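Here's the letter readout for the chains.
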Amino acid sequence: PLYLDSGLTLMKLGEEARVGLDAFDLNGPKRAALRYSLRRAQRDGCTTEVVDAPDIPAHFEILRDISDRWLGSRAGREKSFSVAAFSEAYLAAQSVMLVRQNGVPVAFTTFMTTDLNVEATVGVMRHLPEASPYVMDYLFIELAMHLKSAGYRFLSLGMAPFSGVQPMPLSSPLHRLGSMVWKFGGRFYNFQGLRAFKGKFQPGWEPRYLAVSGWIGALMTLVDLSILAGGRRS
């Protein structure tokens, strides 16, 4: 109400996936797919290790190789929204969970934690094309269980851009445009696939909005968001 009273335009950017770690486990029928992914990855020889921030520089070459080979296998380019872009300065400020398959590094994700050790959030996520097809499920299962055992309460899997932006009779033109990007933007970025992957972990989906001044500013922001989510070269 404060933003609306100030004359600002509200625009929904998407939904953030937050996993409650207190209740996270692999028990029950709803977790059957995750249990299967865990067993298959382990059978394929996958193991994990946590690399803390002070040790990240010694692993730059390994992480850069995984990132470059991942980018080389994709139709899109480096992203700058919803998932982080690879940057040595960015990686050095946080921790990494690294997956090895039969001793060979094949996947990783960065994660940043709050000073109160309550919440963690993931950033850069990469894997080799030839890695086990279950490697990313395995990576995030292991990360969630690691953080839970360390006493963290939440793990943010980041944004699903334009998720939950549904066209309604009284929706603004920008809201309807965002809905069209969600529905038809798969050629440039797999919006729905990203949400489906994060949905495997049964997160709570929390809406995220941007308040901007004027329709032109909102439109330019929506265009910028689409470019960032789809990937652009600096």
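In case you missed it, the structure is sitting above this.
Residues numbered from 1 in each chain as written. Predicted model: local features only at pLDDT ≥ 70, side-chain atom pairs only at ≥ 80, totals over all residues. Heavy atoms only, no water.

(A) Structural context of the overall build of the chain. The helix and strand tally for the chain stands at 8 helices and 7 strands. The proportion of buried residues among the 234 residues of the chain is 43%. Put simply, of all contacts in the chain between residues at least 6 apart along the chain, 74% involve residues at least 24 apart. Approximately 12300 Å² of the chain is accessible, and the part contributed by carbon and sulfur atoms is 57%. (Helix = DSSP H or I, 4+ residues; strand = E, 2+ residues; numbered from the N terminus. Buried < 20%, exposed > 50% of the residue type's maximum accessible area, 1.4 Å probe, protein only. Contact = heavy atoms within 4.5 Å. Areas by Shrake-Rupley, 256 points an atom, 1.4 Å probe, with all protein chains shown as cover.)

(B) Region of interest: the packing of aromatic side chains. Scanning the entire structure with this criterion turns up 5 aromatic pairs. On the numbers, 6.2 Å between centres and 70° between planes, the contact of Phe140 with Phe201 is edge-to-face. A residue pair is termed long-range when its members are at least 10 positions apart, and Phe140 in helix H5 (residues 135-149) and Phe201 in the loop between helix H7 (191-199) and strand E7 (204-212) qualify at 61 residues. Here Phe201 falls in the buried class, since its relative accessible area comes to 3%. Members of the aromatic cluster, joined through ring pairs, are Phe140, Phe197 and Phe201. The residue whose ring lies beneath Arg18 is Phe154, and the NZ or CZ to ring-centre distance is 4.2 Å. Positioned over the ring face of Trp205 is Arg195, at 4.0 Å from the centre of the ring. (Phe/Tyr/Trp six-rings, centres within 6.5 Å; stacked < 30°, edge-to-face > 60°. Lys NZ or Arg CZ within 6 Å of the ring centre and 35° of its normal.)

(C) Spatial organisation of a nonpolar patch on the surface. A grouping of Leu2, Tyr3, Leu4, Leu10 and Tyr209 is seen on the molecular surface, where their side chains present a nonpolar patch of about 570 Å² in accessible area. Considering each element in turn, the nonpolar patch owes the most residues, 3 residues, to helix H1 (residues 2-5). (Patch = residues over 30% accessible without salt bridge, like charges linked within 9 Å, V, L, I, M, F, W, Y side chains within 5 Å. Salt bridge = Lys/Arg side-chain N within 4 Å of Asp/Glu carboxyl O.)

(D) Region of interest: unusual backbone geometry. Located in the positive-phi region is Asn117, a residue other than glycine, with phi close to 55°. Examined against the element boundaries, Asn117 turns out to sit in the loop between strand E4 (104-113) and strand E5 (119-127). A relative accessible area of 41% places Asn117 in the partly exposed class. At Gln202, a residue that is not glycine, the phi angle is positive and equals roughly 50°. By secondary structure assignment, the location of Gln202 is in the loop between H7 and E7.

Without other data, these values stay purely geometric and don't point to any function.
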